[in-house]
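Observations on the model geometry
So the chains spell out like this:
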Amino acid sequence: MTERTVLTQADITRALTRISHEILESNRGAENLVILGIPTRGVALAQRIAEIIRRIEPASAAVRVGSLDVTMYRDDLAHTRTRTPAPTQVPGSIDGATVVLVDDVLYSGRTIRAALDALGDHGRPRVVRLAVLVDRGHRELPIRADFVGKNLPTASHERINVHVTEVDGDEFVSIEGGAEE
Amino acid sequence: MRHLLSTKSLTRDEAITLLDIAEDMADVANREVKKLPTLRGKTVVNLFFEDSTRTRISFEAAAKRLSADVINFSAKGSSVSKGESLKDTAQTLAAMGADGVVIRHPASGAPQVLAGSGWIDAGIINAGDGTHEHPTQALLDAFTIRRRLHGTASRGRGLDGVTVTIVGDILHSRVARSNLWLLDTLGAQVTFIAPPTLVPADTSAWPATIGYDLDAAIDAGPDVVMMLRIQAERMNAAFFPNSREYSRRWGLDDERFARLSSHSIVMHPGPMNRGLEISSAAADSERSTVREQVANGVSVRMAALYLLLSGDREEH
């Protein structure tokens, strides 16, 4: 199996910085912004985006950040091993807010479908946006990301590994199992 | 997890995972929509051969919060009172497509029989069997203790070094047994205090200290004092002269409550006999967790139902 690094730590930082700027641009500031990461690695990425936004616009009201676990809303619960849920922390009310969901990899879109259902049980945001570090294609649902760190066209037999410092101790994005002739 | 029959068979990791999931379930109660779609399309049967309102409605609330359909079956006025066997009842429920069965039965071991029989392929939760076990009660007690001690930092923790004194009818109490095994697994130290007539003949296999003097136990300043209900329905012999004498020697009255160390919490699985095993002052105080236990019961049972009924049951 070959493993090829496609994003280094510096690349990831640059991508998150750009995504943060794009979020601020599309939202016209940090007003009413709630960044929610999807466990596990999306939470770390959401924290970082919130930090960068605070750095870019220190004058604006503190951007709210939290986590949204989607385990209980998955459509494949009956078909796999029992999954262990992760904590959900939604900071305050999301009614009327701009919610940005953050995940590491966008693949089938099913996680995001579950996240939208979960979000609906917490309140009614004005808009919901999606930010992902890697979009690897192969969507099974009509879902797309608004902010993308890197588009990585992949074959479905390939694996994308995302490591972030907070969870794994090191940081990179790699593709595994390519070049299968 | 295929079934939840006892706490004795739970490993530490399994127990902590269940308590952690219960933390997530507790958060659901604070949301705008207090319901999860997780067990949509699953059917949970509450099969109660013994009267119990609290446990049954707690399981019912838990199953409904997870969007499962609930069927309540109580032995009174049912086919059981016409002489139907457990086997036929189980096969009837299987034919109706039950995915989970919550069973309470006066005979110790009835849930094990149901789980191992092949009569029904549902996940079985023991909701109290005879004088054997009542695992979800012990889990909710452990959950309550953990939350009181660690608050929001509870996730992933056991109860290492916590001292728990359980007072009352140890002989008949399935709550005491389930708590003993679970608390021991989680690292707590258990002391039983009871009249000598209400202690089993041989307790040498139990990881617990047995005592008869409540005053000495109170003065030892345990982290938790758990008062058990005197179960009038099981008092089929002269275990103690009368209830006043029991209350005087083994009841948590106002005087003993006042002497209790200020960090100790007071627990009771309910329903309480006020004035017998616990005084109103103790039951209604800040240090009492009686109502928390009821709320936590729903969260813990949601976690148990989730672990048993989600996931591919073929793979187990």
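Residues numbered from 1 in each chain as written. Chains lettered and ligands numbered in written order. Predicted model: local features only at pLDDT ≥ 70, side-chain atom pairs only at ≥ 80, totals over all residues. Heavy atoms only, no water.

**Description of the nonpolar core**
Of all hydrophobic cores here, the largest spans 86 residues; its most connected members are I145, I166, F192 and L305 of chain B. Ranked by the residues each element gives to this core, the list is headed by helix α11 (residues 290-309) of chain B, at ten residues. With residues near it in sequence (within four places) discarded, F192 of chain B still touches I166, I170, A176, L180, W206, A208, T209, I210 and G211 of chain B. Formed by 33 residues, the second largest nonpolar core is a distinct cluster that contains I23, V63, V105 and V134 of chain A. (Core = buried A, V, L, I, M, F, W, Y, C linked by side-chain atoms within 4.5 Å. Buried < 20%, exposed > 50% of the residue type's maximum accessible area, 1.4 Å probe, protein only. Helix = DSSP H or I, 4+ residues; strand = E, 2+ residues; numbered from the N terminus. Contact = heavy atoms within 4.5 Å.)

**Some words on the domain arrangement of chain B**
Residue and element names in this part refer to chain B. With domains assigned, chain B is organised as domain 1 (12-134 + 294-309) and domain 2 (135-289). In this complex, domain 1 contributes 29 residues to the contact, which on the side of domain 2 involves 32 residues. Between domain 1 and domain 2 lies a buried interface of about 2,600 Å² when both sides are counted; carbon and sulfur atoms form 54% of it. For the domain 1 face of the interface with domain 2, the top three residues by lost area are R12, E23 and H134, together amounting to 26%. On inspection of domain 1 and its partner domain 2, the count reaches seven salt bridges. Among the salt bridges present, the one from D160 reaches R12, with a minimum N-O distance of 2.9 Å. Counting across the domain 1 and domain 2 interface gives 17 residue pairs in polar contact (both at pLDDT 80 or more). (Domains from an automatic or database assignment. Buried area = accessible area lost by both parts, 1.4 Å probe. Salt bridge = Lys/Arg side-chain N within 4 Å of Asp/Glu carboxyl O. Polar contact = N/O pair within 3.5 Å; in protein donor to acceptor, adjacent residues only side chain to side chain.)

**Looking at the pattern of salt bridges**
Under the counting rule described, the total for this entry stands at 29 salt bridges over all chains. R48 of chain A is the salt-bridge partner of E166 of chain A, the closest N and O atoms lying 2.7 Å from each other. One end of the pair, E166 of chain A, is in helix α4 (residues 165-168); the other, R48 of chain A, is in helix α2 (residues 41-56), and 118 residues separate them in sequence. The structure contains a network of salt bridges with shared partners spanning D215, D219, D253, E255, R256 and R259 of chain B.

**Some details on the confidence of the model for chain A**
Averaged over every residue, the pLDDT of chain A is 93; the share at 70 or more is 97%. Ranking the elements of chain A by mean pLDDT puts strand β1 (residues 3-7) of chain A last with 94 and strand β5 (residues 127-135) of chain A first with 98. (pLDDT = per-residue confidence, 0-100.)

**Some thoughts on the sheet that holds strand β7 (residues 159-163) of chain A**
All names here are of chain A. The antiparallel open sheet is built from three strands, whose spatial order is β1-β8-β7. This sheet does not close on itself; its edge strands, each paired only once, are β1 and β7. Taken over all neighbouring pairs, the strand axes of this sheet differ in orientation by 30 degrees on average, direction set aside. On the sheet, helix α1 (residues 9-27) packs against β1, β7 and β8 (172-176) and is oriented at approximately 35 degrees with respect to β1. (Pairing = 2+ DSSP bridges. Axes fitted to C-alpha atoms, helices over the stretch in contact; angles between N-to-C directions.)

**Some points on the UniProt feature "domain: Phosphoribosyltransferase" (unreviewed entry) in chain A**
On the UniProt side, "domain: Phosphoribosyltransferase" (unreviewed entry) is annotated at positions that read residues 10-151 of chain A here. End C-alpha to end C-alpha, residues 10-151 of chain A measures 17 Å, and it is 32% helix and 23% strand. (UniProt positions renumbered as here; feature names shortened; annotations may be inferred.)

**Description of helix α1 (residues 12-28) of chain B**
Residues and elements named next belong to chain B. The end-to-end C-alpha distance of α1, which contains 17 residues, comes to 25 Å, matching closely the 24 Å that a straight helix rising 1.5 Å per residue would cover. In terms of residue burial, α1 counts as a mostly covered element, since twelve of its 17 residues are buried. Of the positions making up α1, those classed as buried are A15, I16, L18, L19, D20, I21, A22, E23, D24, M25, A26 and V28. Taken together, the buried residues of α1 touch α5 (135-150), α6 (174-185) and α11. (Expected span 1.5 Å × (residues − 1).)

**Side note on the UniProt feature "binding site: L-aspartate" (unreviewed entry) in chain B**
All names here are of chain B. What UniProt calls "binding site: L-aspartate" (unreviewed entry) maps, in this numbering, to K82, R174 and R229. Annotated residues spanning 148 residues; largest pairwise C-alpha distance 31.3 Å, indicating distribution over more than one region. In the annotation above, R174 and R229 are the residues that line the second largest pocket. Tracing the sequence through the fold places K82 in the loop between β2 (69-74) and α3 (86-95). When you line up the elements, R229 lands in the loop between β8 (224-227) and α8 (243-250). Among all residues touching R229, those that are not within four sequence positions of it are H268, G270, P271, N273 and E277. (1 Å grid on protein atoms, 1.4 Å probe; cavity = no way out; pocket = protein on both sides within 12 Å on 5 of 7 lines; lining within 4 Å.)

**Examining the interface of chain B and chain A**
At the junction of the two partners, chain B supplies 20 residues and chain A supplies 20 residues. At the junction of chain B with chain A, the criterion picks out one salt bridge. In this structure, the salt-bridge partner of R31 of chain B is D121 of chain A, at a minimum N-O distance of 3.5 Å. At the surface where chain B touches chain A, the tally comes to seven residue pairs in polar contact (both at pLDDT 80 or more). Elements with a minimum of two residues in the side of chain B that touches chain A: α1 and α11 of chain B. Element by element, the count of residues in the side of chain B that touches chain A is highest for α1 of chain B, at five residues. Taken together, the residues that form the side of chain B that touches chain A break down as seven nonpolar, four polar and nine charged. (Nonpolar A, V, L, I, M, F, W, Y, C, P; charged D, E, K, R; others polar.)

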